[in-house]
Amino acid sequence: MQYNWSRHLRLIIAFLIVCTVAGAFFGYPIYGLTAGLIGYLWWTLVQAKRLYHWLGNPGGTSEAPQSVGLWGDIFDSLHKLHQNHLHLQDRLRARINRVQESTNAMRDGVIMTDANGTMEWWNGSAEYLLGFRRNTDRGQYIHNLIRTPAFKAYFDARDYRESLEIHSPAKPHIRLQIQISLFGDDDRLIVAKDVTRLYQLEQMRRDFVGNVSHEMRTPLTVISGYLETLVDNADELPPKWRRAVNTMAQQSSRMEALITDLILLSKIETGEQTVNDTVTDVEALIRQICHDASALSGDKQHEFSVNITDHRLLKGDESQLRSAFSNLVFNAVKYTPAKGHITVTWSANREGAHLSVRDTGIGIDPVHIPRLTERFYRADPSRHKETGGTGLGLAIVKHVLLNHDGNLEIRSRIGDGSEFICHLPRERLVERAPEKVS
Ligand code: ADP
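Bear in mind that the values here come from a model prediction, so they are computed numbers and not experimental data.

1. Section: the packing of helix 1 (residues 5-25) against helix 2 (residues 29-56)
Part 1 of the reasoning: Their axes nearest at 6 Å, the elements helix 1 and helix 2 cross at an angle of 140°. Comparing their axes, helix 2 and helix 1 come out oblique. Like other packed secondary-structure pairs, helix 1 and helix 2 cross with a definite hand, here right-handed. Contact residues: helix 1 offers Ile12, Phe15, Leu16, Cys19, Thr20, Gly23 and Ala24, while helix 2 offers Pro29, Gly32, Leu33, Gly36, Leu37 and Tyr40.
Part 2 of the reasoning: Looking at side-chain class alone, the contact of helix 1 with helix 2 contains nine nonpolar, four polar and no charged residues.

Put into structure tokens, the structure is as follows:
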């Protein structure tokens, strides 16, 4: 709109001149001017009142009031602004409806909360999967509805690179994978995916491996027993059988080690519950493992250094921690040439507790490092016959640490030795009870 301010001004001045001339006609030009000014003021007040009423309730009548002159222009401009605003609102409403319809059609639960976890919006699948109620749960604190401690820890940690798996609070038979994203003003978008089927398959796989290993253990023990007897009495065997019996005995003890590790791994995978019930004296554990490792080292005469700078206890399952730590120390023995140096360090800082096992051994090509904790993955397959490993050691370490909310870091370069570091959360460290003086 073209605003013509000088035209309006000219009209007002012309009106006042006409009033003054009319007043002069009756001999009172000043009264004429005053009457004109009062008339203009009154008209302005009437228009302002109409505007005031309309602004108080612009949605009531879609049309802005009509007028002429300056007020006519003002009303026209406001009417246009109001219309544009209504169009924009309609377009936004349509877009929001579309987004809500599409997220409602999703099979995954979608929830929006603010930074504190106050529930703002969720879709139909979230109602089904998590049991939220449309009428009563808006404005509720999400931690009152999903009470799993792991969920609260995940929500508060603000590190959402990995997802979290929990059972649905409303339907415990449903397994959910939760992924949180940050958006807007520190708000949270929570996506809950139903992974029950995958979870069941994974459990079936674990049970199958565990059961098969158990079933194989007994016949294998019998075979190994007989083979050992044959090896002990090798002198009585015909010479052509001796080599065969020796090889059979070696392979059956390898199979026994493999089955022991498989059973251990499937126990660890399902043994999450025990880790919070006991405390472990890590210092004593490390000293004992290093003692066993120097016996394993035997003729290779490795040099061991043990540095323990934190003497607190660790909340965790002793037998699981023993398996994990001993796998790392025994690996250092296996993969370090004779007279090499093995350093075991147990320390704690603000980030947590750390067990480092460093060796001066053959090292690992960095391309293999991301896959080393996979079952049966070997950096150098040609070497595993010499070392007699099962290929499950680091998988066991990874699962033990997962059970204890920790993780494994591997630093290594070919020919430069390796360092395996177990990081455990600080919250797991507990003070020793003061010793009683008798
Ligand atoms: P294995 O029974 O073969 O030792 P692990 O799972 O314990 O199985 O280790 C996987 C692979 O990681 C090993 O085959 C080896 O190639 C490599 N590895 C583990 N520890 C070390 C180490 N201290 N130095 C060099 N390589 C290692």
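2. Some words on the UniProt feature "domain: PAS" (unreviewed entry) in the protein
Part 1 of the reasoning: Within the UniProt annotation, "domain: PAS" (unreviewed entry) is assigned to residues 95-135.
Part 2 of the reasoning: Counting secondary structure, residues 95-135 comes out at 44% helix and 22% strand; the distance between its end C-alpha atoms is 23 Å.

3. Here's the deal with the pairing of strand 12 (residues 418-425)
Part 1 of the reasoning: Of all eight residues in strand 12, eight are buried; the element is thus mostly enclosed.
Part 2 of the reasoning: Side chains of strand 12 alternate between two faces, with Ser418, Phe420, Cys422 and Leu424 and Glu419, Ile421, His423 and Pro425 buried alike.
Part 3 of the reasoning: As judged from the eight bridges shared by strand 10 (residues 352-359) and strand 12, these two strands associate in the antiparallel manner. When the bridges of strand 12 are listed, histidine 354 appears paired with histidine 423.
Part 4 of the reasoning: Across six bridges, strand 11 (residues 407-412) lies against strand 12 in antiparallel orientation. Within strand 12, the position partnered with isoleucine 410 by the bridge is phenylalanine 420.
Part 5 of the reasoning: Taking the residues that link successive antiparallel strands as the turn, the strand 11-strand 12 hairpin has five residues, and the phi of glycine 415 there is positive, at about 80°.

4. Re the side chain of arginine 206
Part 1 of the reasoning: Tracing the backbone shows arginine 206 in helix 7 (residues 196-232).
Part 2 of the reasoning: Owing to a relative accessible area of 17%, arginine 206 belongs among the buried residues under this scheme.
Part 3 of the reasoning: Those residues in contact with arginine 206 that lie beyond four places of it in its chain are Ser266, Glu269 and Thr270.

5. Focus: the site of the ligand
Part 1 of the reasoning: Among the 20 residues in the neighbourhood of the ligand, the closest are listed as Asn331, Tyr335, Thr390, Gly391 and Leu394.
Part 2 of the reasoning: A distance of 3.2 Å separates an oxygen atom of the ligand from a polar backbone atom of glycine 393.
Part 3 of the reasoning: Leucine 394 places a polar main-chain atom, nitrogen or oxygen, 2.8 Å from an oxygen atom of the ligand.
Part 4 of the reasoning: For the ligand, whose accessible area on its own is 520 Å², the fraction buried by protein is 97%.
Part 5 of the reasoning: Where the shell around the ligand is concerned, the elements lending two or more residues are helix 10 (318-334), helix 12 (393-403) and strand 12.
Part 6 of the reasoning: Here the element with the most residues in the shell around the ligand is helix 10; it accounts for three residues.

Reading the values: rules and limits
Residues numbered from 1 in each chain as written. Predicted model: local features only at pLDDT ≥ 70, side-chain atom pairs only at ≥ 80, totals over all residues. Heavy atoms only, no water. Axes fitted to C-alpha atoms, helices over the stretch in contact; angles between N-to-C directions. Helix = DSSP H or I, 4+ residues; strand = E, 2+ residues; numbered from the N terminus. Parallel < 35°, antiparallel > 145°, perpendicular 65-115°, else oblique. Left-handed = near helix turned anticlockwise from the far one by under 90°. Contact = heavy atoms within 4.5 Å. Nonpolar A, V, L, I, M, F, W, Y, C, P; charged D, E, K, R; others polar. UniProt positions renumbered as here; feature names shortened; annotations may be inferred. Buried < 20%, exposed > 50% of the residue type's maximum accessible area, 1.4 Å probe, protein only. Pairing = 2+ DSSP bridges. Near = heavy atom within 4 Å. Polar contact = N/O pair within 3.5 Å; in protein donor to acceptor, adjacent residues only side chain to side chain. Areas by Shrake-Rupley, 256 points an atom, 1.4 Å probe, with all protein chains shown as cover.

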